[in-house]
Amino acid sequence: MQAGIQAFDADAGITYDVGRQYRHPTTRTYLADVRERTRMADLFAKCATLEKPRQAEAMGCYPFFIPLESEAGPEVIIQGRKMVMLGSNNYLGLTQDPRVKEAARDAITRYGSGCTGSRLMNGTLDLHRTLEARLASFVRKDDSLVFTTGFQTNLGAISALVGRHDTIVLDRSVHASIIDGCRLSMGETLRFKHNDMADLERVLQGIDPKRGILIIVDGVFSMEGDVANVPELVRLKKKYGARLMIDEAHSVGVFGEGGRGVAEHFGLLDEVDVFTATFSKSFASIGGFVAGNTDVIYYIRHMARALLFSAALPPASTAAALAALDIIEQEPERRTRLWENTRYLQSGLKELRFSIGKSESPVVPLIVGDEMRLAMFWRGLFDGGVFTNAAVSPAVEPDRALIRTSLMATHTPSQLDFALEVMGSTGRKQGIL
Ligand SMILES: Cc1ncc(COP(=O)(O)O)c(C=O)c1O
């Protein structure tokens, strides 16, 4: 290298060649850049600027992280007070079922309290394989694979299946776990307007046919309780040579003659290529599963990092899900009761003139719009003895803040009457109605 003029940077403690472009990290340009950046930004600066939850806390209407002091049944104890629970996903009421609890207890006795490794290495129990075989035959697929959470199921399945030559086409309102699965995958992600099949077709038309395509929707959309248009999704997936993944988290146990979800409800279960669901709702446990054809499940089993590098579902949770599956298969009357309760609450809310959007499921929203009004309304319901969920952006569109209510098979008519009374009086008092 030609000798140039040298200078000493006292701050950085290095000597450098004047005029030379440095690339190595110990050079002056790099250090100058670091000094510049540290003058401008502190990683933690944003932490002190999260205004909305602090504002809601200051106003005494912060609706999140509220500890329950009892089981999450149709009534719960919160702050020592009995309340009607309209904010759980315990659709069939099975978290309180003695058979589910006993199965969990027995599994702890036999297998201990946890699996200390991943399914790949040392965490697979015969119980996992039994559950997987039962789930596969339940949703009429060749095989299934159990993950430790529903979130990890979507993360693992999507990121494993979608490679750099593939495109995901996503309903805008899918669950966060699906969005994050897409972010982790190597493929491109395109979105279509919520439940808008014309827009889906527009997106599909623009994709190079040489790319593999995975369309992903929720069966029941988790915040507004509306249902995916499965017949149209199937028509379009066939027309454009795509594969279809449905997350049946809120629909398994709830929809369909056998409780297999919305695809069964439409008579199109065979057309779903990738079926995912969670155990944290109708299955009264924690965990999730993906089901599909033999090769697809084999591939995911060996490629899904959320499975390979995370400890397996604990024995008690696996056994509880298995016991819940027995009940889902054997007691369709639970679904009947859930739907009776759903219709009862929906018609009561409509009579009161609440705006409940396009809900067609036991997830029933009360759409309020503004987030601060929502927080006040939530607090009014809470004070009145009704526990609900407040849903704000990014879970819903920013101008569509809503109270999310959800039914259980085990709610009684008098509990629902009480809730309707509180919702009506609070809504009138606060000008929501
Ligand atoms: C549609 C949907 N998919 C996946 C999940 C994640 O499931 P889990 O909470 O069991 O991890 C949820 C949870 O709320 C959900 O609503």
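Treat the numbers as computed from the prediction; the structure is a model and nothing was measured.

1. Comments concerning the overall build of the chain
- Within the chain, the regular secondary structure consists of 16 helices and 15 strands.
- Once the C-alpha set of the chain is aligned to its principal axes, its extents read approximately 90 × 55 × 55 Å.
- Evaluated residue by residue, the chain yields a buried proportion of 46% over its 433 residues.
- When contacts within the chain are restricted to residue pairs at least 6 apart in sequence, those whose partners lie at least 24 apart make up 70%.

2. Concerning the packing of helix H14 (residues 333-352) against helix H16 (residues 413-429)
- At their nearest, the axes of H14 and H16 sit 10 Å apart, and the two run at 25° to each other. Comparing their axes, H16 and H14 come out roughly parallel. Relative to H16, the crossing made by H14 is right-handed. Each of Asn341, Tyr344, Leu345, Gly348 and Leu352 in H14 lies in contact with H16, whose residues at this interface are Pro413, Leu416, Leu420, Met423, Gly424 and Gly427.
- Residue composition of the contact of H14 with H16, grouped by class: seven nonpolar, four polar and no charged.

3. Observations regarding the site of the ligand
- Of all residues adjacent to the ligand, which total 14 residues, the nearest are Gly150, His175, Ala249, Thr278 and Ser280.
- Per-element accounting of the shell around the ligand gives the leading share, three residues, to helix H6 (residues 150-161).
- Classifying every residue of the shell around the ligand gives two nonpolar, 10 polar and two charged.

4. Topic: the nonpolar core
- The biggest cluster of nonpolar side chains holds 121 residues, and the ones touching the most others in it are Ile215, Ala320, Ala324 and Leu374.
- Per-element tally for this core: the top contributor is helix H13 (residues 315-330), with nine residues.
- Residues lining this core come from more than one domain, with at least three contributed by each of domain 1 (51-85 + 332-429) and domain 2 (96-330).
- Those residues in contact with isoleucine 215 that lie beyond four places of it in its chain are Val169, Leu233, Lys237, Ala242, Leu244 and Met245.

5. Describing helix H15 (residues 371-384)
- Between its first and last C-alpha, H15 extends 20 Å over 14 residues, near the 20 Å set by a 1.5 Å rise per residue.
- Every buried residue of H15 is accounted for by Leu374, Ala375, Phe377, Trp378, Leu381 and Phe382. Down the axis of H15, the smallest arc covering the buried residues is 165°, so these residues share one side.
- As for H15, its buried residues are in contact with helix H2 (51-58), strand E12 (363-369), strand E13 (386-387), strand E14 (389-391), strand E15 (401-406) and H16.
- Following H15 by one or two positions, glycine 385 adopts a phi angle in the positive range, close to 105°.

6. Focus: the environment of glycine 258
- Among the structural elements, glycine 258 can be located in the loop between strand E9 (243-247) and helix H10 (262-265).
- We classify glycine 258 as partly exposed; it has 16 C-beta atoms within 10 Å.
- Distance in space between the C-alpha atoms of glycine 258 and proline 231 is 19 Å, their sequence separation being 27 residues.

7. Regarding the pairing of E15
- Extensive coverage of E15 is indicated by the burial of six of its six residues.
- Side chains Ala401, Ile403 and Thr405 of E15 all project onto a buried face; the interleaved residues Leu402, Arg404 and Ser406 project onto the opposite face, where all are buried too.
- Of the pairings in the sheet, the one linking E12 to E15 comprises six bridges and is antiparallel in character. By the bridge assignment for E15, proline 365 is matched with arginine 404.

8. A look at the environment of threonine 405
- Relative to the helices and strands, threonine 405 is located in strand E15.
- Residue classification places threonine 405 among the buried residues on the basis of 28 C-beta atoms within 10 Å.
- Expressed as a C-alpha distance, the spacing of threonine 405 and valine 363, which sit 42 residues apart in the sequence, is 5.9 Å.
- Residue contacts for threonine 405: discarding those within four places in its chain leaves Leu86, Gly87, Leu345, Val364, Leu366 and Thr388.

9. Some remarks on unusual backbone geometry
- The amide bond that connects serine 393 to the next residue, proline 394, takes the cis arrangement and shows omega of 10°.
- With respect to the helices and strands, the residue proline 394 is situated in the loop between E14 and E15.
- Phi at phenylalanine 65 is positive, roughly 55°, even though this residue is not glycine.
- With respect to the helices and strands, phenylalanine 65 occurs in the loop between H2 and strand E3 (75-78).
- A positive phi angle, near 60°, is found at arginine 140, a position not held by glycine.
- By the element assignment, arginine 140 lies in the loop between helix H5 (126-138) and strand E5 (143-147).
- Looking at arginine 140, the number of C-beta atoms within 10 Å reads 15, which means it is partly exposed.

10. Topic: the domain arrangement of the chain
- Segmentation of the chain into domains returns domain 1 (51-85 + 332-429) and domain 2 (96-330).
- One C-alpha centre belongs to domain 1, the other to domain 2, and the line joining them spans 27 Å.
- Counting residues at the interface gives 19 residues for domain 1 and 11 residues for domain 2.
- Elements with a minimum of two residues in the side of domain 1 that touches domain 2: H14, E12 and E15.
- Looking at which element gives the most residues to the side of domain 1 that touches domain 2, the answer is E12, with three residues.
- Partitioning the side of domain 1 that touches domain 2 into residue classes produces 10 nonpolar, four polar and five charged.

11. Focus: the sheet that holds strand E7 (residues 188-192)
- The seven strands are arranged E5-E11-E10-E9-E8-E6-E7 in an open sheet whose pairing can be described as mixed. Each edge of the open sheet is held by one strand with a lone partner, namely E5 and E7. Ignoring which end each strand starts from, the neighbouring axes of this sheet average 20° apart.
- Pairing between strand E8 (residues 212-218) and E9: five bridges, direction parallel. Bridged to leucine 214 within E9 is arginine 243.
- Packed on one face of the sheet, helix H9 (residues 230-239) meets E8 and E9 and runs near 150° to E9.

Each value, and the rule that gives it
Residues numbered from 1 in each chain as written. Predicted model: local features only at pLDDT ≥ 70, side-chain atom pairs only at ≥ 80, totals over all residues. Helix = DSSP H or I, 4+ residues; strand = E, 2+ residues; numbered from the N terminus. Buried ≥ 20, exposed ≤ 12 C-beta atoms within 10 Å, placed from the backbone. Contact = placed C-beta atoms within 7 Å. Axes fitted to C-alpha atoms, helices over the stretch in contact; angles between N-to-C directions. Parallel < 35°, antiparallel > 145°, perpendicular 65-115°, else oblique. Left-handed = near helix turned anticlockwise from the far one by under 90°. Nonpolar A, V, L, I, M, F, W, Y, C, P; charged D, E, K, R; others polar. Near = placed C-beta within 6 Å. Core = buried A, V, L, I, M, F, W, Y, C linked by C-beta atoms within 7 Å. Domains from an automatic or database assignment. Expected span 1.5 Å × (residues − 1). Arc of directions from axis to C-beta. Pairing = 2+ DSSP bridges.

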